[in-house]
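Single-letter residue listing:
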Amino acid sequence: MRSETQIAELLSLLKDTREQLTYFKELGVEGTEKSSPPTEAFAMPTRAAVAFQPDSVANPINAAAVVTGSSDSLFGDLTAPPLKIQKSAETFAEIWADIGDCTRCPLYQG
C-alpha cells in the first residue's frame, strides 16, 4: 500500500498536469503526440569512435591571406543601403486633386 505522502504527491502532479493542459488548450493546442525515446543519433560518442587520425589534420593557413579588405566587423558591412526617395515634381494642388474629399482622419474637418 502506498504512503500518504506518495498519494499526496501523485494528486499534486495530476492537478498540475490538468492546469498545464488547460493552459495549452487556451493557447489553441488541440492534441499532443507521444514522444519517442531518444535515438542513437543523440547518443554521446565513445572513445573508440573518436580516434585520432593524423592524416585528417588540416594544414594551417595564413590568416592575412584570407582577409580581403578592411572592415570594422567580422562580416563586413551588413547594413542595408538607405532608401532613396525620388524628389516629386507634383504640387500640393495635384496631390489634393488625386486624393479628393478624403475623410479617413479628423484632419478633414479643418
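Given the structure is predicted, the values throughout are model-derived calculations rather than measurements. (Residues numbered from 1 in each chain as written. Predicted model: local features only at pLDDT ≥ 70, side-chain atom pairs only at ≥ 80, totals over all residues. Heavy atoms only, no water.)

1. Observations concerning the overall build of the protein chain
Scanning the protein chain for helices and strands turns up 3 helices and 0 strands. Listing the helices and strands of the protein chain from first to last along the sequence gives α-α-α. Residues classed as buried in the protein chain amount to 0% of the 110 residues present. If you sum the accessible surface of the protein chain, you get close to 12100 Å²; carbon and sulfur atoms cover 59% of it. (Helix = DSSP H or I, 4+ residues; strand = E, 2+ residues; numbered from the N terminus. Buried < 20%, exposed > 50% of the residue type's maximum accessible area, 1.4 Å probe, protein only. Areas by Shrake-Rupley, 256 points an atom, 1.4 Å probe, with all protein chains shown as cover.)

2. Some words on a nonpolar patch on the surface
A cluster of nonpolar side chains, L21, Y23, F24, L27 and V29, forms an exposed patch at the surface whose accessible area comes to about 480 Å². Mapped onto the fold, L27 is located in helix α1 (residues 4–27). (Patch = residues over 30% accessible without salt bridge, like charges linked within 9 Å, V, L, I, M, F, W, Y side chains within 5 Å. Salt bridge = Lys/Arg side-chain N within 4 Å of Asp/Glu carboxyl O.)

3. A few points about α1
With 24 residues, α1 should reach 34 Å at 1.5 Å per residue; the first-to-last C-alpha distance of 35 Å fits that figure. Among the residues trailing α1, G28 stands out with phi positive, at a value near 105°. (Expected span 1.5 Å × (residues − 1).)

4. Describing the pattern of salt bridges
As enumerated under the stated definition, the model contains 1 salt bridge in all. Its salt-bridge partner being K15, residue E19 comes within 3.5 Å of it at the nearest N-O pair. Linking E19 with K15, this pair stays in helix α1, spanning 4 residues, or about one helical turn. By relative accessible area, which is 45% here, E19 ends up partly exposed.

5. What to know about the confidence of the model for the protein chain
Averaged over every residue, the pLDDT of the protein chain is 75; residues scoring 70 or more account for 65%. Element-level mean pLDDT values for the protein chain span from 49 in helix α2 (residues 63–66) up to 91 in α1. (pLDDT = per-residue confidence, 0-100.)

6. Digging into the packing of aromatic side chains
Within the structure shown, the criterion is met by 2 aromatic pairs. Here Y23 and F24 contribute two aromatic rings whose centre-to-centre distance is 5.9 Å and whose plane-to-plane angle is 50°, an arrangement assigned as tilted. Among the residues examined, Y23 registers a relative accessible area of 44% and is labelled partly exposed. (Phe/Tyr/Trp six-rings, centres within 6.5 Å; stacked < 30°, edge-to-face > 60°.)

7. Let's talk about helix α3 (residues 92–99)
Buried residues are scarce in α3, accounting for 0 of its 8 residues. Trailing α3 by a residue or two, G100 shows a phi angle of about 80°, which is positive.

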